[in-house]
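These are the residues of each chain, in order.
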Amino acid sequence: MMSEITIRKMEIADVDQVMEVERVSFTTPWTTDIFYQEIVDNQYAYYYVIEWNGRIVGYVGTWVVLEDAQVTNIAIMPELRGNKLGEKLFQYMLLQVKLIGTTRLSLEVRESNIPAQKLYRKFGLVPGGIRKNYYTDNQEDAIVMWVNIL
């Protein structure tokens, strides 16, 4: 199944393909404008895409402030989930934020998203708290997970 995989920094030209991933992955997807703003204007934002045979099939975003990295979002096309693409992408992002000097990584994940929680645990993230009614689409709680990446 895995032929040609490339992971690289997201560029403005990628936003249309990233939006395809976004729309099929989230009930309240970000807008094109948000992605443009993140890539162009947000000095704290680091976004990466994963391509399979030249097509963007996933992306991950982080904000890095001093030594703290916060994952903003990560998504893989639904039909390609379960092929370790998310794992490869997460591992790449973790290496990138480590290279720029972060020592902690955190994220929020839906309480019901067990596959994502399992992925994050593989990288040493542990639950650190709950954000009540975090998700606006259904008021689901978020589990805050974090890891020291020394």
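Presented here is a report on the structure given in the accompanying data block.

Calculation notes
- Residues numbered from 1 in each chain as written.
- Predicted model: local features only at pLDDT ≥ 70, side-chain atom pairs only at ≥ 80, totals over all residues.
- Heavy atoms only, no water.
- Helix = DSSP H or I, 4+ residues; strand = E, 2+ residues; numbered from the N terminus.
- Buried < 20%, exposed > 50% of the residue type's maximum accessible area, 1.4 Å probe, protein only.
- Contact = heavy atoms within 4.5 Å.
- Axes fitted to C-alpha atoms, helices over the stretch in contact; angles between N-to-C directions.
- Parallel < 35°, antiparallel > 145°, perpendicular 65-115°, else oblique.
- Left-handed = near helix turned anticlockwise from the far one by under 90°.
- Nonpolar A, V, L, I, M, F, W, Y, C, P; charged D, E, K, R; others polar.
- Patch = residues over 30% accessible without salt bridge, like charges linked within 9 Å, V, L, I, M, F, W, Y side chains within 5 Å.
- Areas by Shrake-Rupley, 256 points an atom, 1.4 Å probe, with all protein chains shown as cover.
- Salt bridge = Lys/Arg side-chain N within 4 Å of Asp/Glu carboxyl O.
- Pairing = 2+ DSSP bridges.

In this section: the environment of T6. Within the fold, T6 resides in strand β1 (residues 5–9). Judged by its relative accessible area of 30%, T6 is partly exposed. Considering only alpha carbons, one finds T6 and I50, 44 residues apart in sequence, at a separation of 5.7 Å. Excluding residues within four positions of it along the chain, T6 makes contact with V49, I50 and E51.

Two elements in contact, helix α1 (residues 15–25) and helix α2 (residues 32–40), have axes separated by 10 Å at closest approach and are oriented at 125°. In terms of axis orientation, α1 runs oblique to α2. The handedness of the crossing between α1 and α2 comes out as right-handed. In this structure, α1 contributes V15, V18, M19 and E22 to the contact, and α2 contributes T32, F35, Y36 and I39. In terms of residue class, the contact of α1 with α2 is made up of 6 nonpolar, 1 polar and 1 charged.

Turning our attention to a nonpolar patch on the surface. Together, Y44, W63, V65 and L66 make up a nonpolar patch on the protein surface, roughly 420 Å² of accessible area in all. Position of L66 among the secondary structure elements: in the loop between β3 (55–65) and β4 (68–76). For L66, a relative accessible area of 72% translates into the label exposed.

Bringing the pattern of salt bridges into the picture now. In the structure shown here, the tally under the stated rule is 11 salt bridges. A single network of salt bridges, built from pairs that share partners, joins R8, D14 and E51.

Most of strand β7 (residues 142–148) sits out of view: 5 of its 7 residues are buried. As defined by bridge partners, strand β6 (residues 126–131) adjoins β7 across 5 bridges and the pair is classed as antiparallel. By the bridge assignment for β7, G129 is matched with V144.

What the 7 strands build is an open sheet, ordered β1-β2-β3-β4-β5-β7-β6; its pairing is mixed. Strand pairing shows two members of the sheet lacking a second neighbour, β1 and β6, which therefore form its edges. Each strand of the sheet is rotated relative to its neighbour by a mean of 25°, with strand direction disregarded. In this fold α1 packs onto β2 (45–52), β3 and β4, with an angle of close to 85° to the strand it touches most, β3. Together, β1, β2, β3, β4 and β5 (104–110) form the strand contacts of helix α3 (residues 85–99), whose direction differs from that of β4 by roughly 160°.

Tracing the sequence through the fold places W146 in strand β7. Sequence separation between W146 and E79 is 67 residues; the distance between their C-alpha atoms is 28 Å. Not counting the four nearest positions on each side in its chain, W146 is found in contact with L105, S106, G124, L125, V126 and G128.

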